[in-house]
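# Descriptive structure summary
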Amino acid sequence: LAKTTQPISMDSYEGQEVNITCSHNNIATNDYITWYQQFPSQGPRFIIQGYKTKVTNEVASLFIPADRKSSTLSLPRVSLSDTAVYYCLVVDSGGYNKLIFGAGTRLAVHP
Amino acid sequence: EAQVTQNPRYLITVTGKKLTVTCSQNMNHEYMSWYRQDPGLGLRQIYYSMNVEVTDKGDVPEGYKVSRKEKRNFPLILESPSPNQTSLYFCASRPGTNTEAFFGQGTRLTVV
């Protein structure tokens with residue numbers, strides 16, 4: 001299972017775009033990249049998932065370069081309510097793919 | 001509304017008194033799992049189930065039991081709770097491989 005590395009914490013201000021980069025050097029061919037968001041004392045919530053290039057939904061964009069050894073979660077125009085922990089996961093598409101959560105990135109959005 | 005429901009949300013109990021935390025999902029998902037979350041240790045998987053009557057250990061199964069007699073329910077059983085099982089517990093479900101997981105609201109357990 002590919003291990004992921006992401007910054008422990010980030011700070012931003014309301015209205016700014018936030019980019020959180022995740023490194024996964026040992027990603028395998030069958031692996032997908034998935035991001036979750038977690039607020040204090042709540043369960044993680046799925047944000048976005050991708051395999052390569054760019055994926056966009058109503059919440060975020062996910063950029064994955066051709067070598068897939070990293071990915072960047074982009075949150076446009078953050079607000080105070082985006083303050084949370086963001087987890088990058090690499091998930092095997094075959095078999096039972098256990099979700100392994102690392103330490104995540106603690107994002108603090110300031111007024 | 002599609003959801004994963006855990007009960008109770010909060011529980012304080014004494015060492016050795018058996019307890020069960022229930023988890024139910026209404027999405028007909030095959031996969032269900034239990035996690036515990038502790039400060040500095042992140043989310044760790046306790047047990048998982050790929051379908052009815054199919055369960056397996058996760059990373060920290062000691063002191064826990066599970067059962068999957070029905071597709072929608074996946075209870076977590078602590079036969080003899082100890083203080084080191086004080087934690088925040090989450091149940092999750094998903095349709096199959098490589099899919100979005102849905103988490104419950106969490107159960108905060110304190111064992112004294």
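The preceding data block contains the structure.
Every chain is numbered independently, its residues counted from 1 as its sequence is written. Ligands are numbered from 1 and chains lettered from A, in the order in which they are written. Per-residue local features are limited, in this predicted model, to residues with pLDDT of at least 70; the limit for side-chain atom pairs, both in listing and counting, is 80 or more; totals at the level of whole chains, interfaces and linings are taken over all residues. Where side-chain values are given, they derive from all heavy atoms of the structure, hydrogens and water being excluded.

Now for the overall build of chain B. Runs of E in the DSSP output that reach at least two residues are strands. Runs of H or I that reach at least four are helices, and both are numbered from the N terminus. When you go through chain B residue by residue, the secondary structure sums to 0 helices and 11 strands. When the helices and strands of chain B are read in sequence order from the N terminus, they spell out β-β-β-β-β-β-β-β-β-β-β. At 13 Å, chain B has a C-alpha radius of gyration in line with the 13 Å of a compact globule built from 112 residues. By principal-axis analysis of the C-alpha atoms, chain B measures approximately 35 × 25 × 25 Å. Burial statistics for chain B: of 112 residues in total, 50% are counted as buried. Every residue pair with non-hydrogen atoms within 4.5 Å of one another is taken to be in contact. Long-range contacts, defined here as pairs at least 24 residues apart, represent 53% of the contacts in chain B between residues at least 6 apart. Accessible surface, chain B: about 5,300 Å² in total, of which carbon and sulfur atoms supply 50%. Only four residue types enter the charge count: Lys and Arg as positive, Asp and Glu as negative, with His and the chain ends excluded. Every charge is mapped to an atom, namely NZ of Lys, CZ of Arg, CG of Asp or CD of Glu. Across chain B, the 13 positively charged side chains and the 10 negatively charged ones have centroids separated by 5 Å. A radius of gyration in this sense is built from C-alpha atoms; the matching globule rule multiplies 2.2 Å by the number of residues raised to 0.38. We call a residue buried when its accessible area falls under 20% of the maximum for its residue type, exposed when it is over 50%, and partly exposed in between, using a 1.4 Å probe and counting protein chains only. Residue exposure ignores everything except the shown protein chains as possible cover, and the areas themselves are Shrake-Rupley values with a 1.4 Å probe.

It is worth spelling out the overall build of chain A at this point. Counting its regular elements, chain A contains 0 helices and 9 strands. Helices and strands appear in chain A in the N-to-C order β-β-β-β-β-β-β-β-β. Whereas a compact globule of 111 residues would reach a radius of gyration of roughly 13 Å, chain A reaches 13 Å, a difference of no more than 12%. Along the longest, intermediate and shortest principal axes, the C-alpha atoms of chain A span 45 × 30 × 25 Å. Partitioning the contacts of chain A with sequence separation of at least 6, the portion at a separation of at least 24 is 56%. For chain A, the computed accessible surface area is about 5,500 Å², with 50% contributed by carbon and sulfur atoms.

Note that a disulfide, as used here, is simply two cysteine sulfur atoms within 2.5 Å. The full count for this structure, using the stated rule, is 2 disulfides over all chains. Disulfide pairing places Cys22 of chain A opposite Cys88 of chain A at an S-S distance of 2.2 Å. When the S-S torsion is -80°, as for the bridge of Cys22 of chain A with Cys88 of chain A, the disulfide is left-handed. With Cys22 of chain A in strand E2 (residues 18-23) and Cys88 of chain A in strand E8 (residues 84-92), this residue pair connects regions lying 66 residues apart in the sequence. Both residues of the pair, Cys22 of chain A and Cys88 of chain A, belong to the buried class. Covalently, Cys23 of chain B is tied to Cys91 of chain B through a disulfide, its sulfur atoms 1.8 Å apart. Every disulfide takes its handedness from the sign of the S-S torsion; for Cys23 of chain B and Cys91 of chain B that torsion is -75°, giving left-handed. Placement of Cys23 of chain B in strand E3 (residues 19-25) and of Cys91 of chain B in strand E9 (residues 87-94) is noted, with a sequence separation of 68 residues between them. You'll find Cys23 of chain B and Cys91 of chain B in the same group, each marked buried.

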